[in-house]
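Here's the letter readout for the chains.
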Amino acid sequence: LLAPPPGKSLLYVKHIAKMRVGLRTHQGQLMNGGKHFLLVRDPREMLNSWASVLPPSLHETCFPALLEVFSELRAIHGVPPPVVDANDIRRDPEGMMRSLCSHLGVPFTAEMLSWEPGPRPWDGVWAPWWYKNTHACSGFAPPVPAGEARPLREGLQEL
């Protein structure tokens, strides 16, 4: 769980903030030992996407847990972790990945910009609902232009 696979120097792990509850046993090692950044989406885009699968709640959005993770990482490391907007990566994948890698002290490689489409064994049981678009792509798609973004669905404004 905490080490790169054999023959690899890095292990990339993506979790939603509330998933750390299940990792409490390794919490200190994960928060102290890794190189962290927070990948976020425009809350309106995230809420509309979430609502297409499940009714969102404040807890399910993970906003409170994300703030906790941000605050904890800042306290542990003395500086806030980088916060990266997914649309910034989608606008300039290579530039943003180079910048993020430089900040984290990780070598950039062109392989970070594309991947084979399709499911992965580690996707989990929720993959058919959450990863449909990810499974269909092989790289970063351009963001939806700001003026063309869908308005928030009814009842989501309070979140």
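S.K.: Quick one: what's the story with the state of the cysteines, residue by residue and with numbers?
M.R.: Should the sulfur atoms of two cysteines be covalently bonded, the bond is a disulfide. Summed over all chains, the structure comprises zero disulfides. Between Cys137, a cysteine without a disulfide, and Cys101, which holds the nearest cysteine sulfur, the sulfur-to-sulfur distance is 18 Å.

S.K.: With reference to specific residues and values, describe the nonpolar core.
M.R.: One finds Val84, Ile89, Met97, Leu100, Cys101, Leu104, Val106, Phe108 and Leu113 forming the largest nonpolar core, which totals nine residues. The element best represented in this core is helix α6 (residues 93–104), accounting for four residues. Residues Met31, Leu38, Ala65 and Leu73 belong to the second largest nonpolar core, which totals seven residues.

S.K.: Please provide a residue-by-residue account of the confidence of the model for the chain, values included.
M.R.: The predicted structure's coordinates, where accompanied by low pLDDT, should not be read in detail. On average, residues of the chain carry a pLDDT of 85, and 92% of them reach 70 or more. The least confident element of the chain is helix α1 (residues 27–33), whose mean pLDDT is 74; the most confident is α6, at 96.

S.K.: Residues and numbers for the environment of Arg44, please.
M.R.: One can find Arg44 in helix α2 (residues 43–51). Residues Arg44 and Ile89, spaced 45 residues apart in sequence, show a C-alpha to C-alpha distance of 17 Å. Only 2.7 Å separates the side chain of Arg44 from the side chain of Asp42, close enough to count as a polar contact.

S.K.: Describe α6, and please don't skip the residues or the numbers.
M.R.: For α6, which comprises 12 residues, the first-to-last C-alpha distance of 16 Å matches the rise-based estimate of 16 Å (1.5 Å per residue) to within 8%. Gly105 sits one or two positions beyond α6 and adopts a positive phi of about 75°.

Parameters and conventions
- Residues numbered from 1 in each chain as written.
- Predicted model: local features only at pLDDT ≥ 70, side-chain atom pairs only at ≥ 80, totals over all residues.
- Heavy atoms only, no water.
- Disulfide = S-S within 2.5 Å.
- Core = buried A, V, L, I, M, F, W, Y, C linked by side-chain atoms within 4.5 Å.
- Buried < 20%, exposed > 50% of the residue type's maximum accessible area, 1.4 Å probe, protein only.
- Helix = DSSP H or I, 4+ residues; strand = E, 2+ residues; numbered from the N terminus.
- pLDDT = per-residue confidence, 0-100.
- Polar contact = N/O pair within 3.5 Å; in protein donor to acceptor, adjacent residues only side chain to side chain.
- Expected span 1.5 Å × (residues − 1).

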